[in-house]
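Each chain, written out:
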Amino acid sequence: MKRVLCAVLALAMVLAFTACGGSGGPTKDPLAYVIDVNETYAEAEMAEQGTTLADYSEGIMLPELDDAHVTVMMSIDWTALQAGNNEDEPYAQYHATLMWRDAYAGQDGDVEIITITDEQQTDFVATQTASGTAPDIIPANYDLTYPRWNAAGLTADVEQYAKYLGLDEKNPNNEEEDLYNHQLMDTYFQWGGKSHGAITLSDVNRNYIVYNKTKFELAGQKTPLEHWQAGNWNWTQFVKTAKAMTTGDDYGFTGWGLFPYFAPYTMATLDEETGTVELNIDDPKYVRYMTEVYNLYQTENAARRDIALQSWGTLFPMGTDAMVQCTKDGYKRVVEAAKRVDGDTFGIAPVPVFDPNGETESIATATLWAYSIAAAAENPIGAATYIRLETLVARNVEAALEGKNWYDLNLTEDEKAMLEETKDDPIAMEMIRGIGDCYLGIVDASIVPPMYYEENQNSVQSIFDANKTALQAEFDEFNQTVEELAEEIAAEEEEAEEEEAAAEE
């Protein structure tokens, strides 16, 4: 993969500077929207659903385009999107695609999905970029593609398409809110001082503690939510709770939620201006956190320490172990899986405050997903226009489901209050999975097994020390790629300036 990225680097940068001159330009000012999506979609009745879907297209206007064919790279295909979409949980992408096809039907408009597995996407985008074309829209995953794709020159600065994306627009359902979450866009997916990801979602995908309420009630133990309500839900209490809920081969905690890349302190930091990264495993706060985690597994024996923890998504809903750390969507899957077997009841609470480091707030680990426009996109303007459409549809879906989505119907009032109160708590997002071979080649292969699968009498520091050199080598190689990218940019800019000066003469 690295060889592919390095091989296409120079060409990718040339393409990055020329992509914005590609096709897809609107025939009119892009702010002069002339196509009323509601007119083409409001009466479209989905035969498989038997319902009209006007709410999702309400108030959306699109510009005329010279090119209305857009390609989107995904790991699933249209059939999967169609099968997964339903009235209770409508997919914004599914409906936006149908709206696009209706709105631009006279221009052979289409949103073509190019299905590539997650493992093959980096090589595919790099190869396509080298050949001069790439999918117009590519995924931006904070824990997978970022910042490796940026470092290889595979993504474009989305701000150059700001008017087509509607970056300055408001949420049509709440004029006090921006259409996009600018706080997230200004904080994440930045590269060289530019934004390389358009975040269509209104919030990050943060983690919570999910617990087996039935087990807690039978054990006579306070639940994590009750501890949070009492103001003492911290790491010290979490360890006590995990120990109290461990009996024999049934553990207080399971799953991968305490792995090294799901920590309140990150293994890597990024200089958003230069694009270089720094390894943080010697940071005292990170070392203290991982030492506490190590002790939970190796000294306290209060967390499942075998490969079965990887199967928590199946075992936990069946009543195995007491707590996991996962997202809200993970909680929903647990609850629904348990219902299918008439199993236990479950609850959700914030992740504990890490008091050993003197923290006073919970710092939830989180992931973030966005869309990037490929540097070698054939239709970047069409891509930006589509991203705006899907974002508007997402906001309409949110409004249509307000008060009646799955969480509104299934969470307790105390849990809803907790989600509202903690929605702005600090988060930590780890990017080490997007740096070289750090994730699969080193962390998962050499750090995770001795900490989480095997009995170990060493220290977390010794495990880190044994892998530090290999991790640093990946960081160094990554930074070298970034520096080469900067040199290519400077050379391209200088050449452009010389050509402009010569033309003026």
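Given the structure is predicted, the values throughout are model-derived calculations rather than measurements.

Quick notes on the rules
Residues numbered from 1 in each chain as written. Predicted model: local features only at pLDDT ≥ 70, side-chain atom pairs only at ≥ 80, totals over all residues. Heavy atoms only, no water. Salt bridge = Lys/Arg side-chain N within 4 Å of Asp/Glu carboxyl O. Helix = DSSP H or I, 4+ residues; strand = E, 2+ residues; numbered from the N terminus. Buried < 20%, exposed > 50% of the residue type's maximum accessible area, 1.4 Å probe, protein only. Axes fitted to C-alpha atoms, helices over the stretch in contact; angles between N-to-C directions. Parallel < 35°, antiparallel > 145°, perpendicular 65-115°, else oblique. Contact = heavy atoms within 4.5 Å. Nonpolar A, V, L, I, M, F, W, Y, C, P; charged D, E, K, R; others polar. Patch = residues over 30% accessible without salt bridge, like charges linked within 9 Å, V, L, I, M, F, W, Y side chains within 5 Å. Areas by Shrake-Rupley, 256 points an atom, 1.4 Å probe, with all protein chains shown as cover. Lys, Arg positive; Asp, Glu negative; His and termini not counted. Charge placed at Lys NZ, Arg CZ, Asp CG, Glu CD. Pairing = 2+ DSSP bridges. Core = buried A, V, L, I, M, F, W, Y, C linked by side-chain atoms within 4.5 Å. Expected span 1.5 Å × (residues − 1). Phe/Tyr/Trp six-rings, centres within 6.5 Å; stacked < 30°, edge-to-face > 60°. Lys NZ or Arg CZ within 6 Å of the ring centre and 35° of its normal.

(A) Seen up close, the pattern of salt bridges. By the definition in use, this model includes 16 salt bridges. The closest approach of N and O atoms between Asp282 and Lys468, which form a salt bridge, is 3.1 Å. Linking Asp282 in the loop between strand S14 (277-279) and helix H13 (284-298) with Lys468 in helix H20 (residues 460-504), this pair joins segments that are 186 residues apart in sequence. Given the relative accessible area of 45%, Asp282 is considered partly exposed. Lys468 gets classed as partly exposed once you look at its relative accessible area, which sits at 25%. Across the salt bridge formed by Glu292 and Arg288, the nearest N and O atoms sit 3.2 Å from each other. Within this pair, Glu292 and its partner Arg288 are both found in helix H13, separated by 4 residues, close to a single helical turn. Among the residues examined, Glu292 registers a relative accessible area of 18% and is labelled buried. Take Arg288: its relative accessible area is 37%, and that puts it in the partly exposed class. Here the residues in one salt-bridge network are Asp282, Asp465 and Lys468, joined through shared partners.

(B) Spotlight on the packing of H13 against helix H19 (residues 438-453). The contact between H13 and H19 brings their axes to 8 Å, and the two run at 45°. The angle between the axes of H13 and H19 places the two elements in the oblique class. In this structure, H13 contributes Met290, Val293, Tyr294, Tyr297 and Gln298 to the contact, and H19 contributes Pro450, Met451 and Tyr452. A class-by-class count of the residues in the contact of H13 with H19 yields 7 nonpolar, 1 polar and no charged.

(C) Structural context of a negative patch on the surface. Judged by side-chain charge, Glu493, Glu494, Glu495, Glu497, Glu498, Glu499, Glu500, Glu504 and Glu505 come together as a negatively charged surface patch. In this structure, Glu505 sits in the segment after H20. On the basis of relative accessibility, which here comes to 85%, the residue Glu505 falls in the exposed class.

(D) Highlighting the pairing of strand S9 (residues 174-178). The sheet contact formed by strand S8 (residues 170-171) and S9 spans 2 bridges and is antiparallel. Its bridge partner being in S9, Asn171 is matched across the sheet by Asn174. Two successive antiparallel strands, S8 and S9, enclose a turn made up of 2 residues.

(E) A look at the nonpolar core. One finds Phe238, Leu296 and Met323 to be the most contacted residues of the largest nonpolar core, which totals 149 residues. The greatest single-element share of this core, amounting to 12 residues, is contributed by helix H16 (residues 380-401).

(F) Looking closely at the environment of Met323. You can see Met323 is positioned in strand S15 (residues 323-327). On a C-alpha basis, the gap between Met323 and Lys213 in space is 9.4 Å, while along the polypeptide they are 110 residues apart.

(G) Layout of helix H6 (residues 118-131). The terminal C-alpha atoms of H6 lie 21 Å apart, and with 14 residues this matches the ideal 20 Å at 1.5 Å per residue to within 8%. Three or more residues of H6 are buried, namely Gln121, Thr122, Val125, Ala126 and Thr129. Two residues or fewer past H6, Gly132 is found with a positive phi of approximately 105°.

(H) Molecular detail of the packing of aromatic side chains. With the rule as written, the count across this model stands at 28 aromatic pairs. An angle of 45° between the planes, with centres 4.4 Å apart, marks the rings of Phe259 and Tyr452 as tilted. Taken together, the residues Phe259 in the loop between helix H12 (235-244) and strand S13 (268-270) and Tyr452 in helix H19 connect sequence positions 193 residues apart. Since its relative accessible area comes to 2%, Phe259 is described here as buried. In this structure Tyr452 comes out as buried when scored by relative accessible area, which is 0%. Judged by centre distance (4.9 Å) and plane angle (80°), the ring pair of Tyr297 and Tyr452 falls under edge-to-face. In this pair, Tyr297 sits in helix H13 while Tyr452 sits in helix H19, placing the two residues 155 residues apart along the sequence. Residue classification places Tyr297 among the buried positions, given a relative accessible area of 0%. Through a chain of ring-to-ring contacts, the aromatic side chains of Trp233, Trp235, Phe238, Phe253, Tyr265, Tyr289 and Phe354 assemble into a single cluster. A cation sits over an aromatic face here: Lys328 above Tyr407, 4.8 Å from the ring centre. One residue, Arg433, lies across the ring of Tyr439, its end atom 4.8 Å from the ring centre.

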